[in-house]
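One-letter residues, chain by chain:
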Amino acid sequence: MSKDLLLEIGTEEIPAHAMPGMLKELGENAKKALKELRLAHGAVRTLGTPRRLALVVEGLAEKQEDVAEEKRGPSVQVAFDAAGKPTKAAEGFARGQGIKAQDLVVRDGYVYALVEEAGESAEKVLAKMLPELISGLPLPNSMRWGDLDFRFIRPLRWLVALYGDRIVPFELACVKSGNTSRGHRFLSTGDFTIEDAAHYEEACEKAFVIVDPARRKALIEEGLVEAAKAHGGTAEITPNLLEEVLYLVEYPTALAGSFEDKYLALPPDAVITPMRDHQRYFPVKSADGKLLPLFLTVRNGGKEYLETVQHGNERVLRARLADAQFFFDEDRKKSLAEHLEKLKTVVFQEGLGTVYDKSLRLEKLAGKIADAIDANDAEKKAAMRAALLSKADLVTGMVTEFTELQGVMGKEYARLDGEGEDVALAIDEHYMPRFAGDAQPKTRAGLVVSLADKMDNIVATFSRGLIPTGSQDPFALRRQALGMVHSIIEAGVAISLHDLVDWTMDLLKITDAAVCEKMQADVADFMRLRLKNVLAEEGIRYDIADAVLGNVDDVRRVLLAAKAVREQLAAPGMADAVQAFVRVANLAAKAEKGEVHVDAALFETDEEKELMKAYTSARSAAESLIEAHDFVGAIDDFKDLAEPINAFFDAVMVMADDEKIRRNRLSLLKGIDDLLREAADFSKIVQA
């Protein structure tokens, strides 16, 4: 009869950010281990609070499944002598399988051993599996305590291991498994007994622990909504903060607090950031979206003495907002432009000058990028002004105290200085996207400054030999490069990556030809890897990705070409066309490097002439299509080349003895291959 399994790992408080990943790994690793151990089971769930990670497996079988496996041994000639008696080879094979030589089965000229293994009891198997499951859990960071060699994210304090109502005995880090857990630190009476695995959640709740994250999350959301509604507002519940709070409490109770109206005169972000990022409070807004002098928080406890808790939270927030008011007032004694001077005292990177120097570079680079993407005069002017001012807020009191506000306070101060809305928005947007899934710059000026800043960071850091390798990326260049890719694609602009790198090197005074050539190659490879990730996210096959990633100079082109190839590969006749294109690519590799020169006077066959005619026509049609990034149309036209290509190969000996004729034919094939590569390298395509 199957029973439920419970494993609870009791610890000191685990960092909230680590909990989701650890619970996921615990569940997945448990499923894998149970499968390998041949233990049938039902649903697998993971539960957790700041002080515990729990695994619940429903309907776990009482014993392993029996297995019967047939293993092949030596041939009959080797296994038996002339008298038909088992040889040492047969006896050794049989002994290794745990059976007698006379029990070997002869079939198909070989001997076979039928090995049967009876399944062990679940309790015996689990006693070994559970400690290994805990020890093998991937950790974002780990620690040791006492004189133990064992490592875990936080010290182990108790272990619960139950199969039904029976304890699964094992010991780990000097802690023995049992059926005793610990309740809420303040609300419970302490330890409590779990009678059986099936009643785990019920037992925890009696000890004031809501162990199911989904239920705890629903209680938190419901409490926040009700608390905000009771005060005439709406709770602004951001997913990241909600998840963090979820793993900070075991028994949640939402409550509201207030602060003085005078702080609403500050920019909203100057109020929300200390509230949300520093104190883990939720803002409250009115029906028209304006910030109210209220906040919401979640207590790890019941409803007793809520007024005392409220006053304590209000006192802490009041001090934070008073700091914000002070720094804001001090900052406003100067304009944002006047803060530029102080950037001369801030080093950008070793050997690369100050942040002031970087600001001057960004101003010039922004002008070049604006011209390249056909920005109008107003957009270019706004972009260059924003680029110059983009780092000025880094030396303000507000950003020094609340670093999360970089860019945001620059935007607010620019508005107050009358710099113009486009300039203000671009100062904030130039940091976008700040993280995976973040919004992209919405204004053209913001896009320009964002590209300028990220490219300057990449080239400057590469110039110091600090190219990210493995897991080391201290300057977050991968994130910035990926942000560039997403921004360019979303904005739909065409800009040369080679030109971007060239302009940036010029401003950084990198002039050595060999260094410049290597920089171009390194940045292209770096961006190629980011583009490969983007293509994978779009569901593009690996071979299609390889086919379009040869040239990454135009980032937008890569994704469009990949989608076009994917679409066209399903079209009629494309499979045959790809085979023809591959034949062209194989021989084109033997052609001389450089520009294509085909002399029609050297043609000896009609098939050469027809192929040249088809190539000329395709090239003429493809130029406008590719320029418009209509790769679907271009590839559709390329398919018309398949028939004359095949006819050419059937009738013409490409590698002719006459050198001029051979070079001419190879040159024609190279011209066709170069044209096809404007869309993709079809030799990379893997066909079924």
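Conventions we followed
- Residues numbered from 1 in each chain as written.
- Predicted model: local features only at pLDDT ≥ 70, side-chain atom pairs only at ≥ 80, totals over all residues.
- Heavy atoms only, no water.
- Helix = DSSP H or I, 4+ residues; strand = E, 2+ residues; numbered from the N terminus.
- Rg over C-alpha atoms; globule rule 2.2 N^0.38 Å.
- Buried < 20%, exposed > 50% of the residue type's maximum accessible area, 1.4 Å probe, protein only.
- Contact = heavy atoms within 4.5 Å.
- Areas by Shrake-Rupley, 256 points an atom, 1.4 Å probe, with all protein chains shown as cover.
- Pairing = 2+ DSSP bridges.
- Expected span 1.5 Å × (residues − 1).
- Domains from an automatic or database assignment.
- Axes fitted to C-alpha atoms, helices over the stretch in contact; angles between N-to-C directions.
- Salt bridge = Lys/Arg side-chain N within 4 Å of Asp/Glu carboxyl O.

Attention now moves to the overall build of the protein. When its secondary structure is counted, the protein shows 25 helices and 16 strands. Taken over C-alpha atoms, the radius of gyration comes to 34 Å for the protein, far larger than the 26 Å a tight globule of 688 residues would show. Viewed in the frame of its principal axes, the protein has a C-alpha envelope of about 110 × 100 × 45 Å. Among the 688 residues that make up the protein, the fraction classed as buried is 49%. Here the contacts in the protein between residues at least 6 apart in sequence split such that 68% fall between residues at least 24 apart. For the protein, the accessible surface area stands at approximately 33200 Å², while carbon and sulfur atoms represent 49% of it.

Next up on the list: the environment of Asp323. With respect to the element layout, Asp323 can be found in helix α9 (residues 306-331). Put simply, Asp323 and Arg361 are 38 residues apart on the chain and 34 Å apart in space, counted from C-alpha to C-alpha.

This part takes up the sheet that holds strand β13 (residues 234-235). The sheet built from four strands is open, its strands ordered β13-β15-β16-β14 with antiparallel pairing. Looking at the sheet topology across the chains shown, the edges are occupied by β13 and β14 (252-258). For β13 and strand β15 (residues 282-285), the ladder comprises two bridges, and the chain directions are antiparallel. Pairing of Ala235 across the sheet is with Val284, part of β15.

What follows is about helix α15 (residues 444-463). For α15, with 20 residues, the first-to-last C-alpha span of 28 Å sits near the 28 Å given by 1.5 Å per residue. Burial runs high along α15: 18 of the 20 residues are buried. Positive backbone phi, approximately 80°, marks Gly465, located one or two places after α15.

As a further point, take the domain arrangement of the protein. Segmenting the protein into domains produces domain 1 (2-64 + 121-207), domain 2 (67-117), domain 3 (213-332), domain 4 (358-389 + 412-549) and domain 5 (571-684). Once you take the C-alpha centre of each, domain 2 and domain 5 turn out to be 62 Å apart.

Now for the environment of Val44. Take Val44: it is sitting in strand β2 (residues 44-49). What Val44 contacts, discounting residues up to four positions off in sequence, is Gly27, Lys31, Leu55, Val56 and Val57.

This part takes up unusual backbone geometry. Here the amide bond leading from Met432 into Pro433 is cis, since omega sits at -10°, within 30 degrees of zero. Looking at the secondary structure, you find Pro433 in the loop between α14 (421-429) and α15. One non-glycine residue, Arg38, lies in positive phi territory at about 60°. Here Arg38 lies in the loop between α1 (19-36) and β2. Here the phi dihedral of Tyr305 falls at roughly 55°; this positive angle occurs in a residue that is not glycine.

Moving on, we get to helix α23 (residues 631-638). Where α23 is concerned, the buried positions are Phe631, Gly633, Ala634, Ile635 and Phe638. Here the buried face of α23 lies against α20 (555-569), α21 (574-588), α22 (606-627), α24 (642-651) and α25 (659-677).

Quick look at the pairing of strand β6 (residues 110-117) now. Relative to β6, strand β4 (residues 67-75) is paired through seven bridges, and the arrangement is antiparallel. When the sheet's bridge partners are listed, Glu70 is paired in β6 with Leu114. Linking strand β5 (residues 105-107) to β6, which pair antiparallel, is a turn of two residues; within it Asp108 sits at a positive phi near 60°.

Here three strands make up an open sheet; going across it, the order is β4-β6-β5 and the pairing antiparallel. Pairing within the sheet leaves two strands with one partner each, and these edge strands are β4 and β5. In this sheet, adjacent strand axes meet at a mean angle of 35° when their direction is disregarded. Relative to the sheet, helix α3 (residues 88-96) contacts β4 and β6, its axis offset from that of β4 by approximately 160°.

The next subject is the pattern of salt bridges. Under the criterion given, the structure shown has 49 salt bridges. We note a salt bridge from Asp149 to Arg144, for which the minimum N-O separation is 3.6 Å. Judged by relative accessible area, Arg144 falls into the partly exposed class, the value being 49%. Put simply, Lys358 and Asp456 hold a salt bridge, and the shortest N to O gap is 2.7 Å. Here Lys358, found in helix α10 (residues 355-372), pairs with Asp456, found in helix α15; they are 98 residues apart in sequence, far enough to count as distant. Pair check on accessibility: Lys358 and Asp456 agree, each one buried. Put simply, Lys358, Arg361, Lys391, Asp453 and Asp456 are held in one network by salt bridges that share partners.

Another aspect to go through is the pairing of strand β1 (residues 3-11). Most of β1 sits inside the fold, with seven of its nine residues counted as buried. In this structure, β1 lies alongside strand β7 (residues 156-163), joined through seven bridges in antiparallel fashion. Among the inter-strand pairings, Leu6 is bridged to a residue of β7, identified as Leu162.

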